Amino acid sequence: VSETGCLSIIVLGASGDLAKKKTFPALFNLYRQGFLQSNEVHIFGYARTKISDDELRNRIRGYLIQGSGSSDKQLEEVSKFLQLIKYISGSYDSGEGFQLLDKEISGYEFSKNTVEGSSRRLFYLALPPSVYPSVCKMIKNNCMNKSDLGGWTRIVVEKPFGKDLGSAEQLSAQIGELFDEPQIYRIDHYLGKELVQNLLVLRFANRFFLPLWNRDNIANVQIVFREDFGTEGRGGYFDEYGIIRDIIQNHLLQVFCLVAMEKPVSLKPEHIRDEKVKVLQSVVPIKDEEVVLGQYKGYRDDPTVPDNSNTPTFATVVLRVHNERWEGVPFILKAGKALNSRKAEIRIQFKDVPGDIFKCQKQGRNEFVIRLQPLEAMYMKLTVKQPGLEMSTVQSELDLSYGQRYQGVTIPEAYERLILDTIRGDQQHFVRRDELKAAWEIFTPLLHRIDDGEVKPLTYQLGSRGPAEADQLLERAGYVQTHGY
Ligand code: BG6
């Protein structure tokens, strides 16, 4: 990291799942690639569990080795990285633990001869949102550095940011009283994915797409997330939130913004986020007949899920955008757990060619597909002449598969990229407060109806495509099944 001033990264909730599986491995990858130099970075783990430094290190070690391999050199790197981590135990709502934490951080800064006002402190809240307000208050009261010489204090928070518009606004207000917006980094890890980051480049750096990206040419857009496993040990959390809050209101809606927004004035984070807010505000209220919910058979067998749970594990929701570019074009957001495959993709379907002289349209329409995962790729489905003596047509593909095109290039993990952005102070790929509000405004009425039991999920088989009604909705929204899909 090029900025000067020693850097302390404080992982709150250090013994929890998110920290072990995502935060520490991401930090380790940054360390491995030389972004975190051991002479200028120290990592502090903080949690309630009373364990020693070594116990924390041992808990994390396995997750780091998974990603790094186990040659002697790799194991040595892991050990060196682990030595950067110090653990402090304390509660999330009493000053004592945070004073101790501050003492440790200051001690480290002092040992590096850091000039007061130039140190950098990054607090990563790998915690449930219920404790965000108290933890933020503790940080504010006990752990702030002076920042007059270019130093800073930043906090990183993870979803779920609230459960609906009201609770999200309350949370935002509580945190907003303590920290300014430029200090708050709301992570949505989908914004760290390679092909999501590529969307702006694709749309605004290619002449091909500029004239086509509108209601005159595009028939419908699908943004799809599928997982081939269920809630697996997360039933308690999941049942409280459901698939709309877990995936659609955040991850898929962020992707939607990047597909549907207007061209920003520049690449400045505020310009980009201004456009995202505008397109979110142009979404009209969701109609009940444009929603299909599902719950997979067996979901309620999870002992942490209530027997009468009404929580959807699958949803297809059609969004309609009321603006000049998109009037009449359905954006179909679909997400499901326990389906037949694991995939996330954007599928843009173009309208039929007017006056088709080849009568080829029943073979399928033009589609542009961006596969976010697995196996990142983009491909265009187009009609070509079937090679041979006959003048017949066939659907084929122009295919850009990253694995082939960029052989040997490692695509960074989303968290890795986003943590680096927080250190660099780049908020482009983070969710701004007004953006969050606009996102909740779209889904809150529907979520309330689900919570009140007014809208119920249909049952679908584990390992299936989800409820058949979702395919029917897709058809009603004008999606034409493409040959071979
Ligand atoms: C998380 C959700 O935000 O994203 C999980 O809480 C989901 O339920 C995960 O499994 C999916 O992330 P990815 O990067 O594996 O697509």
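Not measured: the values here are computed from a predicted model. (Residues numbered from 1 in each chain as written. Predicted model: local features only at pLDDT ≥ 70, side-chain atom pairs only at ≥ 80, totals over all residues. Heavy atoms only, no water.)

J.: I'm lost on the nonpolar core in this one. Help?
T.: Burial of nonpolar side chains together is a common tendency in soluble globular proteins. In this structure, Leu125, Phe256, Leu319 and Phe331 are the most contacted members of the largest nonpolar core, which totals 147 residues. Aside from chain neighbours lying at most four places away, what touches phenylalanine 331 is Val221, Phe256, Val259, Ala260, Val317, Val318, Leu319, Val321 and Trp326. (Core = buried A, V, L, I, M, F, W, Y, C linked by side-chain atoms within 4.5 Å. Buried < 20%, exposed > 50% of the residue type's maximum accessible area, 1.4 Å probe, protein only. Contact = heavy atoms within 4.5 Å.)

J.: Sorry if this is basic, but what is going on with the sheet that holds strand E13 (residues 377-385) here?
T.: Hydrogen bonds between backbone atoms are what pair the strands of a sheet, whose relative direction is either parallel or antiparallel. In space, the 9 strands of this open sheet follow the order E14-E13-E12-E11-E7-E10-E9-E8-E15, with mixed pairing throughout. Both edges of this open sheet fall to strand E14 (393-401) and strand E15 (458-460), since each of them pairs with a single strand only. In this sheet, adjacent strand axes meet at a mean angle of 20 degrees when their direction is disregarded. The sheet contact formed by strand E8 (residues 291-296) and strand E9 (residues 314-320) spans 4 bridges and is antiparallel. Opposite valine 292, over in E9, you have threonine 316 as the bridge partner. Across the sheet, helix H12 (residues 433-451) is in contact with E8 and E9; its angle to E9 comes to roughly 140 degrees. (Pairing = 2+ DSSP bridges. Helix = DSSP H or I, 4+ residues; strand = E, 2+ residues; numbered from the N terminus. Axes fitted to C-alpha atoms, helices over the stretch in contact; angles between N-to-C directions.)

J.: Would you mind going over the site of the ligand with me for this structure?
T.: Inspection of the region around the ligand gives 13 residues, with Lys159, Tyr190, Glu227, Asp246 and Gln373 positioned closest. A distance of 2.4 Å separates an oxygen atom of the ligand from a polar side-chain atom of tyrosine 190. Arginine 234 has a polar side-chain atom sitting 2.8 Å from an oxygen atom of the ligand. Of the residues contributing to the shell around the ligand, the split by class is 3 nonpolar, 3 polar and 7 charged. (Near = heavy atom within 4 Å. Polar contact = N/O pair within 3.5 Å; in protein donor to acceptor, adjacent residues only side chain to side chain. Nonpolar A, V, L, I, M, F, W, Y, C, P; charged D, E, K, R; others polar.)

J.: Got a minute to help me understand the UniProt feature "domain: Glucose-6-phosphate dehydrogenase C-terminal" (unreviewed entry) in the protein chain in this structure?
T.: The positions that UniProt labels "domain: Glucose-6-phosphate dehydrogenase C-terminal" (unreviewed entry) are, in the present scheme, residues 200-479. Taken end to end, residues 200-479 is 31% helix and 23% strand, and its first and last C-alpha atoms sit 25 Å apart. (UniProt positions renumbered as here; feature names shortened; annotations may be inferred.)

J.: What's the story with the packing of helix H8 (residues 235-260) against H12 in this structure? I'm lost.
T.: The packing of two helices is summarised by the inter-axis angle and the distance between the axes. Packing of H8 against H12 brings their axes to within 11 Å, and their N-to-C directions diverge by 145 degrees. The handedness of the crossing between H8 and H12 comes out as right-handed. Contacts from Ile244, Arg245, Ile248, Gln249, Leu253 and Gln254 of H8 reach H12 at Glu435, Leu436, Ala439, Trp440, Ile442, Phe443, Leu446, Leu447, Ile450 and Asp451. When its residues are assigned to classes, the contact of H8 with H12 shows 11 nonpolar, 2 polar and 3 charged. (Left-handed = near helix turned anticlockwise from the far one by under 90°.)

J.: Can you help me understand the sheet that holds strand E5 (residues 152-158) in this one?
T.: On the basis of which strands lie adjacent, the open sheet formed by 6 strands has the order E3-E2-E1-E4-E5-E6 and parallel pairing. Of all the strands in the sheet, the pair left with one neighbour each is strand E3 (85-89) and strand E6 (184-187). The average undirected angle you get between the axes of adjacent strands in this sheet is 20 degrees. Against the sheet, helix H1 (residues 17-32) touches strand E1 (7-12), strand E2 (41-47), E3, strand E4 (120-125) and E5, its axis set at about 165 degrees to E1.

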